[in-house]
Amino acid sequence: MASLAPTLSSTISRLTHLHKPSLQSAITTLKNFQFKYKLSKPTRPFLNSSPSPLSAHFSSAQMKSTIGSDDDLVVLGIETSCDDTAAAVVRSNGEILSQVVSSQADLLVQYGGVAPKMAEEAHSKVIDQVVQEALDKANLSESDLSAVAVTIGPGLSLCLRVGVKKARKLAGTYALPIVGVHHMEAHALVARLVQRELQFPFLVLLISGGHNLLILARDLGNYVQLGTTIDDAIGEAYDKTAKWLGLDLRKSGGPAVEELAREGDADSIKFKVPMKQHKDCNFSYAGLKTQVRLAVESGSINPGIPVSSATSEDRKARANIAASFQRVAVLHLEEKCERAIEWASKIEPSIKHLVVSGGVASNQFVRARLNQIVEKNCLQLVCPPPKLCTDNGVMVAWTGIEHFRMGRFDPPPPSDEPEDAVLDLRPRWPLGEEYAEGRSDARSIRRARIHPSLTSLIQASMLQQS
Ligand code: KG4
Ligand code: ZN
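In this report, the structure presented in the accompanying data block is examined. These numbers were taken from a predicted model, which means no experiment stands behind them. (Residues numbered from 1 in each chain as written. Chains lettered and ligands numbered in written order. Predicted model: local features only at pLDDT ≥ 70, side-chain atom pairs only at ≥ 80, totals over all residues. Heavy atoms only, no water.)

## Quick notes on the sheet that holds strand β3 (residues 96-103)
For step 1, the next point in the chain: Spatially, 5 strands are ordered β3-β2-β1-β4-β5 in an open sheet, and the strand pairing comes out mixed. Edge positions in the sheet fall to β3 and β5 (178-182), since each has one partner strand and no second. For this sheet, the mean angle separating the axes of adjacent strands, direction not counted, is 20°.
For step 2, the next point in the chain: Pairing of strand β4 (residues 147-153) with β5, which is carried by 5 bridges, proceeds in the parallel orientation. Counted as the bridge partner of Ala149 is Val179 from β5.
For step 3, the next point in the chain: Packing of helix α6 (residues 157-173) onto the sheet brings it into contact with β1 (74-79), β4 and β5, and relative to β4 it is tilted by some 160°.
For step 4, the next point in the chain: In the packing of helix α7 (residues 183-194) onto the sheet, contacts are made with β1, β2 (84-91), β3, β4 and β5, and the angle to β5 comes to roughly 100°. (Pairing = 2+ DSSP bridges. Helix = DSSP H or I, 4+ residues; strand = E, 2+ residues; numbered from the N terminus. Axes fitted to C-alpha atoms, helices over the stretch in contact; angles between N-to-C directions. Contact = heavy atoms within 4.5 Å.)

Have a look at this one:
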């Protein structure tokens, strides 16, 4: 952590505003904010080492006495880190007041994946409408909100920018505090909304298009990374398999492969299980992808012909590949989860749950197989419903609520923030520090980081506060 110290002052904020506002506008904003929350004076600064009128950190005790009971909070969550534009309004008692997702299915089909510039344009087109719809469905207006939460990373910076700009505009106009959210933490914490009695510590498997993480969640904002992928994530492997098999990509590749796999023989093709020789909790899906591509090429399948128009023989060949791929892709998850349970139980013997979340966690085969592993180890599986596994605004709002309750948020931005303000976006942002025993040599070449982990930032801020 020591090596992070020089960068802390600028990165400690959950959502730093790097463009310096005029002093007058900053003071006005803070006054409005204090008025709204009946705060007598700003407390110790949270963002910077030097006190600034825009930097305030409020302890949870102060929060409770000023904002009222937890159940009074209503938070808007905004998510634009990849290809879904999502917003939701959630109450701190766990009630989901609204949930809106606009997906870029047509673009996915057109470009065979997420094209950042196109995705940014698509987000910009719908963001106002999505947020408005979330408010309307909740039957609320902006001034009824307690705070705005928004994903600031990891993700595509062009896309993150759209959500963060919208959140800051809204928070500035209505003098609302703002919480910058870690996308992967949000995938994990939404399990605590679904299962309210889920207490820390617990183990988490996060499986999505860009991430494959095994995390020990010790406390809110305190995560240990037991394993990650050394190349691709499982969702990427599902998406490419779907593309090569000529499947309908409109609902994204994963669900299409899952559906076709039901018709296939999972033992028909002997794909090799990745990383058998690595006795750690890391993943690799690039090799399995290549095996699938080779199987498609040698199987006289023409992905140009959609599966819906394929002969029954051709369809069967595709289904066999889908099923065989899925069996091995998930076997890889099972093996690494078993080891992670072993490791996590040594670090935190009281763990009782494995949370599985992220888009791929909506897959029924994945759930069933992981449930067996979990039961064998006398743990309980917690899987959010599919709508809360794939990217959504609820998880962002909920994570905002969790941190807001702890006083981890930034005061409202100035209402006249310039269009070209430099924003704090964190496209590459680890959730926790790596577990030393879990380091993979294979991964060391790909460790370039931009931001210190969320956990190290929170721990450093807590040290500063004490
Ligand atoms: O979490 P998510 O919505 O977005 C990212 O943060 O990446 O995950 C999207 C990924 C995609 O790769 C998609 O194909 C995959 O989750 N996915 C699935 C299923 N539903 C979504 N993969 C397998 N089976 C599914 N049913
Ligand atoms: Zn995601």
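## A short note on the packing of aromatic side chains
For step 1, the next point in the chain: Summed over all chains, the structure comprises 4 aromatic pairs.
For step 2, the next point in the chain: Geometrically, the ring pair formed by Phe200 and Phe202 is stacked, given 5.0 Å between the ring centres and 20° between the ring planes.
For step 3, the next point in the chain: Among the residues examined, Phe202 registers a relative accessible area of 0% and is labelled buried.
For step 4, the next point in the chain: Taking the centre distance of 4.7 Å and the plane angle of 50° together, the rings of Phe404 and Phe409 count as tilted.
For step 5, the next point in the chain: Lying across the ring of Trp429, Arg426 places its NZ or CZ 4.6 Å from the centre. (Phe/Tyr/Trp six-rings, centres within 6.5 Å; stacked < 30°, edge-to-face > 60°. Buried < 20%, exposed > 50% of the residue type's maximum accessible area, 1.4 Å probe, protein only. Lys NZ or Arg CZ within 6 Å of the ring centre and 35° of its normal.)

## So, the site of ligand 1
For step 1, the next point in the chain: In the vicinity of ligand 1 lie 21 residues, with Gly209, Asp239, Gly254, Glu258 and Asp391 positioned nearest.
For step 2, the next point in the chain: One nitrogen or oxygen atom from the main chain of Gly359 is found 3.0 Å from an oxygen atom belonging to ligand 1.
For step 3, the next point in the chain: Considered on its own, ligand 1 offers 550 Å² of accessible surface; in the complex 91% of this is hidden by protein.
For step 4, the next point in the chain: Those elements that place two or more of their residues in the shell around ligand 1 are α7, α8 (234-244) and α9 (253-261).
For step 5, the next point in the chain: With 4 residues, α9 is the largest single contributor of residues to the shell around ligand 1.
For step 6, the next point in the chain: Taken together, the residues that form the shell around ligand 1 break down as 4 nonpolar, 14 polar and 3 charged. (Near = heavy atom within 4 Å. Polar contact = N/O pair within 3.5 Å; in protein donor to acceptor, adjacent residues only side chain to side chain. Areas by Shrake-Rupley, 256 points an atom, 1.4 Å probe, with all protein chains shown as cover. Nonpolar A, V, L, I, M, F, W, Y, C, P; charged D, E, K, R; others polar.)

## Some points on the coordination of the zinc ion (ligand 2)
For step 1, the next point in the chain: Listed as protein donors to the zinc ion (ligand 2) are His183 (NE2), His187 (NE2) and Asp391 (OD); their distances from the metal cover 2.1 Å.
For step 2, the next point in the chain: Linear spacing of the donor residues for the zinc ion (ligand 2) on their chain is H-x3-H-x203-D. Of the two residues, His183 sits in helix α7 while Asp391 sits in the loop between α13 (386-389) and α14 (393-405), which places them 208 residues apart along the sequence.
For step 3, the next point in the chain: Given the relative accessible area of 14%, Asp391 is considered buried. (Donors = N, O, S within 2.8 Å, 3.2 Å for Na, K, Ca; no water.)

## Some thoughts on the sheet that holds strand β8 (residues 222-227)
For step 1, the next point in the chain: Strand order in the open sheet formed by 6 strands is β10-β9-β6-β7-β8-β11, with mixed pairing between adjacent strands. Of all strands in the sheet, those bounded by a partner on one side alone are β10 (380-382) and β11 (433-434).
For step 2, the next point in the chain: Looking at chain direction, strand β6 (residues 202-207) and strand β7 (residues 212-219) are connected through 6 bridges and run antiparallel. For Leu203, the partnering residue across the bridge sits in β7 and is Leu216.
For step 3, the next point in the chain: Running over the sheet, helix α12 (residues 364-376) touches β6, β9 (353-357) and β10 and is turned about 150° from β10.

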